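# Understanding the architecture of this molecule
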Amino acid sequence: MDAKLKQELIQTFSERLSQAAKMYMENCSRCGLCIEACHAYASSPETRYTAVGRAQNIRRIYEEYFKKGKIAKKLNEAVELSDFWMEKVYETAYTCTGCRRCMTYCPFGIDTGVIQGIAKMMLITADQEPKALSMLADMSIAKGKTIEKTKTNFAAAAKNLEKEVLERWRSEGGEDVVPLDVQDANVLYVALAGKHSIIPAAAIMNAAKEKWSLSYFEAVNFGAFVGNPAKTKEIAGRIIDEAKRLNVKEVVICECGTAYRVMKHMTGEKPFGVITFAELIARYIEQGRIKLDKSKLPGKVTYHDPCQIARQGGIYEPPRYVLNHLTDHFVEMTPNRQANWCCGGGGGLVAIGEKDFRMKSAKVKADQVKATGAEVLCTACENCHTQLSDLNEHYGLGVEVMYLSDLTAKALVQD
Ligand code: SF4
Ligand code: SF4
């Protein structure tokens, strides 16, 4: 590694060294309480898969460049930056899903997500981040800049979905089935690329007679996956600008945990509310705006709490409220809510592939699903859905993995 890159990496580290990050660097007592908390270690017990092991890779660099005293450095196993050590930095960033389960067990509340953020930014500085994530982030940013040129095509694609939306919920006559550019809408619905993220949601919002508008932008934020705060902000900014232009009351994020966390918790004050689609469905049921037929879902159903929505967003009850209106056979996983095991697909791992690691590191999740005896495994995040579907196949779980929105749309009562 040349001196110039070394200097740039130290500079990057220093820029990410907030007061909180400094505290996380200084305060680990090595008690080991976080070790068993990580699904990767619980599934495949290797030191490199512990939260404290990953953090140590970054802490040892910190000791070298941000602490004084030769003896202390030696005692704390300080290391100089090198090509070899950057491989450890990569391991810290991309064998961790950022699920923050470990944080809930740590007596000091050490946030592995912050440590992982330093690692990811160092990889970007060294041009060693997964290129697929950066490329996808750049594509989202470019779409924001050329949106006026692509609006007509997007509108035509939305129009093509009408028939399938109407199969789920009839038209009240004269209404736009997949509306775009609705000024003063109550809801700006931000979907993912793909009709699976639009059709059930459109049917549910139409059934509830909502005044809504479909966003021109996809919800997913690859800037967050790759750990680039500037790109994260720019990608989210496209949706914020659209919501302001339309003067909407709420931005409703589709079933994408990272998109929700970014929009709700990482973009500062906004003149509109931000909720998950699960919360919107729960509201419609509570207000009697949609009715659901429980006979559509006869077997046992369980729910996987997406880490970004549940542990990090505190959204535990709305999806359960919805499920209890969809079935009399809802069974909890053990553990659940804050202590739920991560599916093993977050942090960009699904997007970059990593299938062998994802399967190996999530055995504990597969065991947890199997133990419920459920026929349907429901979740409210696309990343989790992909990972759970892969686990289903890999471990022969014999479940049907389904989105909460899809289950709800299939159970709509058309009276
Ligand atoms: S954030 Fe999740 S994946 Fe990362 S070390 Fe902690 S428990 Fe493991
Ligand atoms: S639980 Fe907290 S203090 Fe203990 S080893 Fe893990 S990170 Fe360090």
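Residues numbered from 1 in each chain as written. Chains lettered and ligands numbered in written order. Predicted model: local features only at pLDDT ≥ 70, side-chain atom pairs only at ≥ 80, totals over all residues. Heavy atoms only, no water.

An unreviewed UniProt entry annotates the protein chain as Reductase of Desulfoferula mesophila.

As a further point, take the pairing of strand E3 (residues 250-253). Burial of E3 is two-sided: the residues Glu250 and Val252 facing one way and the residues Val251 and Ile253 facing the other way are all buried. Two elements, strand E1 (residues 187-190) and E3, share four bridges in a ladder whose sense is parallel. Each bridged residue has a counterpart across the sheet, and for tyrosine 189 the counterpart in E3 is valine 252. Across four bridges, E3 lies against strand E4 (residues 273-276) in parallel orientation. Among the inter-strand pairings, valine 251 is bridged to a residue of E4, identified as valine 274. Crossover connection from E3 via helix H15 (residues 257-265) to parallel E4: handedness right-handed. (Buried < 20%, exposed > 50% of the residue type's maximum accessible area, 1.4 Å probe, protein only. Helix = DSSP H or I, 4+ residues; strand = E, 2+ residues; numbered from the N terminus. Pairing = 2+ DSSP bridges. Right-handed = clockwise from strand over helix to strand, strands pointing away.)

This next bit is on the site of ligand 1. Taken together, the neighbourhood of ligand 1 is formed by Cys38, His39, Ala51, Arg54, Cys96, Thr97, Gly98, Cys99, Arg100, Cys102 and Thr112. Residues of the shell around ligand 1, tallied by class, amount to five nonpolar, four polar and two charged. (Near = heavy atom within 4 Å. Nonpolar A, V, L, I, M, F, W, Y, C, P; charged D, E, K, R; others polar.)

Turning our eyes to something else, we now look at the packing of aromatic side chains. Overall, the coordinates contain 10 aromatic pairs when judged by the stated rule. Through a chain of ring-to-ring contacts, three or more aromatic side chains come together here, namely Phe13, Tyr62 and Phe66. Lysine 88 extends its terminal NZ or CZ atom over the ring of tryptophan 85, reaching a point 5.9 Å from the ring centre. One Lys or Arg, arginine 101, reaches over the ring of tryptophan 341 and ends 3.7 Å from the middle of that ring. (Phe/Tyr/Trp six-rings, centres within 6.5 Å; stacked < 30°, edge-to-face > 60°. Lys NZ or Arg CZ within 6 Å of the ring centre and 35° of its normal.)

With parallel pairing, the four strands of this open sheet are ordered in space as E2-E1-E3-E4. The open sheet terminates on both sides in strands that have one partner only, identified here as strand E2 (212-214) and E4. Each strand of the sheet is rotated relative to its neighbour by a mean of 25°, with strand direction disregarded. Contacting E1, E2 and E3, helix H14 (residues 229-246) runs over the sheet at an angle of about 155° to E1. Running at roughly 160° to E4, H15 makes contact with E3 and E4 of the sheet. (Axes fitted to C-alpha atoms, helices over the stretch in contact; angles between N-to-C directions. Contact = heavy atoms within 4.5 Å.)

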